[in-house]
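Listed below, chain by chain, are the residues.
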Protein chains: 2
Amino acid sequence: MLIAKKVFLTKEYTFGSGKTVPIEAGYETYGTLNADRDNVILVCHYFSATSHAAGVYTDKDAAPGWWDGLIGPGKALDTNRYFIVCMDNLCNVQWKNPMVTTTGPASVNRETGRPYGMEFPPFSCRDVVEVQKQLLESLGISRLHAVVGPSLGGMIALQWAVSYPDLLEHCIGVITNAKNPAITSFQLQHAVRAIQLDPNWRGGMYYGRREPEEGLRMAAQMMYTGAFQPDFYEEQFQGRIEQDVYYSSLARASFEKQMDEVIQNNARLVDANHWLYTCRATMYQDVSRGFPSMEAALARIQADVLLISCEQDVLQPAHYSRKTVEQLRALGKRAEFYSFSSPNGHMAGVLDTHLFEEEIRRCISRQLA
Amino acid sequence: MLIAKKVFLTKEYTFGSGKTVPIEAGYETYGTLNADRDNVILVCHYFSATSHAAGVYTDKDAAPGWWDGLIGPGKALDTNRYFIVCMDNLCNVQWKNPMVTTTGPASVNRETGRPYGMEFPPFSCRDVVEVQKQLLESLGISRLHAVVGPSLGGMIALQWAVSYPDLLEHCIGVITNAKNPAITSFQLQHAVRAIQLDPNWRGGMYYGRREPEEGLRMAAQMMYTGAFQPDFYEEQFQGRIEQDVYYSSLARASFEKQMDEVIQNNARLVDANHWLYTCRATMYQDVSRGFPSMEAALARIQADVLLISCEQDVLQPAHYSRKTVEQLRALGKRAEFYSFSSPNGHMAGVLDTHLFEEEIRRCISRQLA
């Protein structure tokens, strides 16, 4: 699939916080919108990803989009049947990626002529849902066959199911949860504070100066070291520690330098403030916000819900999703839980799509009464 | 048991790195040394602990030493039978605890009249073993019935078994490993870099000035959030996130403030450089250093080895210890592995001694051929 990036513009979007800002958001589509406009699947991306969920831009691309295993002709999210849309999140972390269009702290505030920095309104998954809804409306789409996503993308999918229960038929969340687990919130909090601790952060106004590279590196490494099972790091960063490392107070071992290279490569396109904002959106995500209880929020859901977890995932432990599905069923909802095993831990939701593609295909194909 | 702290002094100790420094180390003893001086058990303490392993200093102490569940009359480490010694590690993190005596970066270098800072030689578990050995020799002790310890203390115990195979009969490591797992090394590396990133760290020479409180807070929280199972944090730091937190780029939620208080209390007696040095000693620990392979190092061991793990421990995952015991057995050694389940994860090695005290009692009581 050869894909072209498109851009959606709103002259003004009013955030949950009440602040109004013009928003640009890149998006991609796969497949064809049918005449009834009822074959639409919205795919929501994870923390560090972009709207490039499938296909390639040119024949020379090194790799296809991040969920290409699931999206394409004949695949679980079958582009012969469905029209699939994926949008760059607000404050997408890959600010420096020329294929990403997003609005966030690094964007220039037209009122001041300078980047917003910390003046940019914080976003939540609810804001992402609202902008996605406006994008869909601009395409003439008012109903969704499904909303699907892994990790933060799954949180956005579940937020859709609670915020607009009558607009979607299926909601599929992979390696995700209705509320971010406390332990993961603390890891994200570390990332936020690492960026803020870097003297180059300067209260978020580092644009045009040296960027908070070390804080961002720590923030990105924090997520990377939670993403896989312990054995992964043993295999990837092996090797003996050099004798001189033991004899120095400051020297770094080769396995640390190796990790630095991995993280430097991963964070090369990232803006630190966008990372910080996305951390906050993830760490505070809770579909029950504003409701008296989680049950009260889940009671609103009308969609068929499928939650898929990896048993080795430490960032979004499987038992939270299992419990959400039990709660949904106790409320009389159609909900299913599926889990699988993979040494890739959390990343299995992106790397091991073959382990759960049939579950997604089956859920998506089911016609609701 | 009412305990008195004692202090051991060496006029000069030469570190593995070759640097020579006078060392002071606090220690405690429980029970009575017998005439043959062959009833000695050395207990090695974990990362953030001290030599106060058991008993109380006064009747008014709020809590006894950290392994009081195991050490005392009739307990697994029976003070009616054994003479038990525990020493403050080199660079003990609790520099500000008046009951701790240790030498490290915060100590004054007599040659310059200023604290050593990063000029202090880095230590490894091998250095701790050497200083402990000198302390024992000063007490007229040349052989050990057992060396026992949890976490970093267990690493020191295993280092004893490799470094001085003919000096100990039993080696018991709890929630520990012969080599620090890569994933835990990366967590410790985060802690080191968080301290170094704090502008108040000033290359380690912050003494007499503002200390790197935020870096140390991050370093300490990093360890605390790895120490328990995920559910622990869900239960301890519950509560809904305040509405204004969603609407601010910088506000912290009450669960974050609650964690700040816990960490502030935990880190109140800590020197940041001592924490940094102890991180390095832990992250690079590997009993096979200098040997062609782990097998070659383990082949030296003559002691009876017992490794005890908590299945929910993410910092020192059980399967590494299980593998070490398999390797020891393949080498014809006497080695046992025991694991138990606890929601306390890594901390179960300190908090849930009732879950493994019988294993320790049985191992310690066994007479070797």
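Quick caveat: nothing in here was measured; it's all calculated off a predicted structure. (Residues numbered from 1 in each chain as written. Chains lettered and ligands numbered in written order. Predicted model: local features only at pLDDT ≥ 70, side-chain atom pairs only at ≥ 80, totals over all residues. Heavy atoms only, no water.)

1. A look at the interface of chain A and chain B
- In this assembly, 63 residues from chain A lie in contact with 63 residues from chain B.
- Joining chain A to chain B, the criterion identifies 6 salt bridges.
- Here Glu214 of chain B ties to Arg193 of chain A by a salt bridge, and the two come within 3.0 Å at their closest N and O atoms.
- Per element, the largest residue contribution to the side of chain A that touches chain B is 10 residues, and it comes from helix 3 (residues 182-197) of chain A.
- Its residues placed into classes, the side of chain A that touches chain B shows 33 nonpolar, 16 polar and 14 charged. (Contact = heavy atoms within 4.5 Å. Salt bridge = Lys/Arg side-chain N within 4 Å of Asp/Glu carboxyl O. Helix = DSSP H or I, 4+ residues; strand = E, 2+ residues; numbered from the N terminus. Nonpolar A, V, L, I, M, F, W, Y, C, P; charged D, E, K, R; others polar.)

2. Re the UniProt feature "domain: AB hydrolase-1" (unreviewed entry) in chain A
- Following the UniProt record, one finds the feature "domain: AB hydrolase-1" (unreviewed entry) at residues 66-324 of chain A.
- Secondary structure over residues 66-324 of chain A splits into 41% helix and 13% strand, and the C-alpha atoms at its two ends are 26 Å apart. (UniProt positions renumbered as here; feature names shortened; annotations may be inferred.)

3. A closer look at the sheet that holds strand 6 (residues 83-87) of chain B
Residue and element names in this part refer to chain B.
- With mixed pairing, the 8 strands of this open sheet are ordered in space as 1-2-6-3-9-10-11-12. Edge positions in the sheet fall to strand 1 (6-14) and strand 12 (335-340), since each has one partner strand and no second. Neighbour-to-neighbour, the strand axes of this sheet turn through a mean angle of 20°, independent of strand direction.
- Both strand 10 (residues 168-174) and strand 11 (residues 304-310) contribute to a ladder of 5 bridges, which runs parallel. Each bridged residue has a counterpart across the sheet, and for His170 the counterpart in strand 11 is Asp304.
- The strands touched by helix 10 (residues 318-330) within the sheet are strand 11 and strand 12, with strand 12 carrying the most contacts at an inclination of about 160°. (Pairing = 2+ DSSP bridges. Axes fitted to C-alpha atoms, helices over the stretch in contact; angles between N-to-C directions.)

4. Things to note about the pairing of strand 3 (residues 40-43) of chain B
Residues and elements named next belong to chain B.
- Residues Val40 and Leu42 of strand 3 are buried on one face, and the alternating residues Ile41 and Val43, pointing to the opposite face, are buried as well.
- With 4 bridges connecting them, strand 3 and strand 6 associate as parallel partners. Paired with Val43 across the strands is Cys86, a residue of strand 6.
- Examined bridge by bridge, strand 3 and strand 9 (residues 144-150) share 3 bridges and lie parallel to one another. Note that in strand 9 the partner of Val43 across the bridge is Val148. (Buried < 20%, exposed > 50% of the residue type's maximum accessible area, 1.4 Å probe, protein only.)

5. Looking at the sheet that holds strand 1 (residues 6-14) of chain A
Residues and elements named next belong to chain A.
- Strand order in the open sheet formed by 8 strands is 1-2-6-3-9-10-11-12, with mixed pairing between adjacent strands. The sheet is open, and its two borders are formed by strand 1 and strand 12 (335-340), each paired with just one other strand. Between one strand axis and the next, the sheet turns through 20° on average, direction left out of account.
- Across the sheet, helix 2 (residues 152-163) is in contact with strand 3 (40-43), strand 9 (144-150), strand 10 (168-174) and strand 11 (304-310); its angle to strand 9 comes to roughly 145°.

6. Re empty space enclosed by the protein
- In the structure shown here, the tally under the stated rule is 5 cavities of 30 Å³ or more.
- Computed from the structure, the largest cavity encloses a volume of approximately 100 Å³.
- Here the lining of the largest cavity is composed, by residue class, of 6 nonpolar, 5 polar and 2 charged.
- Considered as a void within the structure, the second largest cavity measures approximately 70 Å³ in volume.
- Every residue along the wall of the second largest cavity is listed here: Pro122, Phe123, Ser124, Arg280, Ala281, Tyr284 and Gln285 of chain A together with Val245, Tyr246 and Ser248 of chain B.
- Taken together, the residues of the lining of the second largest cavity break down into 6 nonpolar, 3 polar and 1 charged. (1 Å grid on protein atoms, 1.4 Å probe; cavity = no way out; pocket = protein on both sides within 12 Å on 5 of 7 lines; lining within 4 Å. Points joined across faces, edges and corners; volume = space filled by probe spheres on them.)

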